[in-house]
Amino acid sequence: MTRISPMPYENLPPDAGAVLKKYGTEYGPFNNQAQVLAHVPPTQHLAAMLMELKQRQGITWRYIELAVVCVSKLNACDYCVAHHSPHLRVDGISEAGIETLLDYQEHPELSPVDKLVVEYTIAVTNTPGRIRDAMFDRLRAEFTEAEIVELTLRIALCGFFNRFNDALMLEIEPELTQAPT
């Protein structure tokens, strides 16, 4: 059971309520998270930033979802894995492939760039101060500096959300836990 009660959007200033409600329903089924974030109305800026990043498509969304699922698997955040794994299934990664993402070196469903994203995600999550320049040389061969910054931002933010969701024991929204009919 979630440790913090949901905050009705109607109890917020209209601008904060509108942004958080849009994040909770349109960005994805993140209503449980959004209504907990709503206890602190300035979190609307975090929600708005995530929606803007997704809309501007500064980096291929597959790479963002690979990174988010990998960070969430590393941190054992069931909430985020449940929310982001469906995007990888749509991108053609099987359920078994999602389960073995962290074993990326010989992963048959990942391209060389996918593997680089997973490798970088693991490094940012586990040893950010020990990433070698050689990895950035490889990243620069595939991505612009803006894309590297956005990928790094999303990896780091995912770590934040993993901890936030797990500490407050956010429940996965019912639409993600119901078996398909």
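**Some remarks on helix α4 (residues 61-74)**
Part 1: With 14 residues, α4 should cover 20 Å at 1.5 Å per step; its first-to-last C-alpha distance of 20 Å lies within 8% of that length.
Part 2: Following α4 by one or two positions, Ala76 adopts a phi angle in the positive range, close to 55 degrees.

**A few points about the packing of aromatic side chains**
Part 1: The tally for this structure, following the rule as stated, stands at eight aromatic pairs.
Part 2: Taking the centre distance of 6.4 Å and the plane angle of 50 degrees together, the rings of Phe30 and Tyr79 count as tilted. Of this pair, Phe30 sits in the loop between α1 (14-27) and α2 (31-37) while Tyr79 sits in helix α5 (residues 78-90), placing them 49 residues apart in sequence.
Part 3: Its relative accessible area of 6% is what places Phe30 among the buried residues.
Part 4: For Tyr79, a relative accessible area of 2% puts it in the buried group.
Part 5: Arranged with centres 4.8 Å apart and planes meeting at 65 degrees, the rings of Phe160 and Phe161 form a pair that is edge-to-face.
Part 6: Note on Phe160: relative accessible area 35%, which makes it partly exposed.
Part 7: Taken together, the aromatic side chains of Tyr23, Tyr27, Phe30 and Tyr79 make up a single cluster linked through ring pairs.

**Re empty space enclosed by the protein**
Part 1: For the coordinates displayed, the defined rule picks out one cavity of 30 Å³ or more.
Part 2: Roughly 130 Å³ of internal volume is contained in the largest cavity.
Part 3: Surrounding the largest cavity, 13 residues form its lining, Tyr23, Val68, His84, Arg154 and Phe161 being those nearest its centre.
Part 4: Secondary structure elements with two or more residues in the lining of the largest cavity: α1, α5 and α9 (145-167).
Part 5: For the lining of the largest cavity, the element with the highest residue contribution is α9, accounting for five residues.

Conventions and cut-offs
Residues numbered from 1 in each chain as written. Predicted model: local features only at pLDDT ≥ 70, side-chain atom pairs only at ≥ 80, totals over all residues. Heavy atoms only, no water. Helix = DSSP H or I, 4+ residues; strand = E, 2+ residues; numbered from the N terminus. Expected span 1.5 Å × (residues − 1). Phe/Tyr/Trp six-rings, centres within 6.5 Å; stacked < 30°, edge-to-face > 60°. Buried < 20%, exposed > 50% of the residue type's maximum accessible area, 1.4 Å probe, protein only. 1 Å grid on protein atoms, 1.4 Å probe; cavity = no way out; pocket = protein on both sides within 12 Å on 5 of 7 lines; lining within 4 Å. Points joined across faces, edges and corners; volume = space filled by probe spheres on them.

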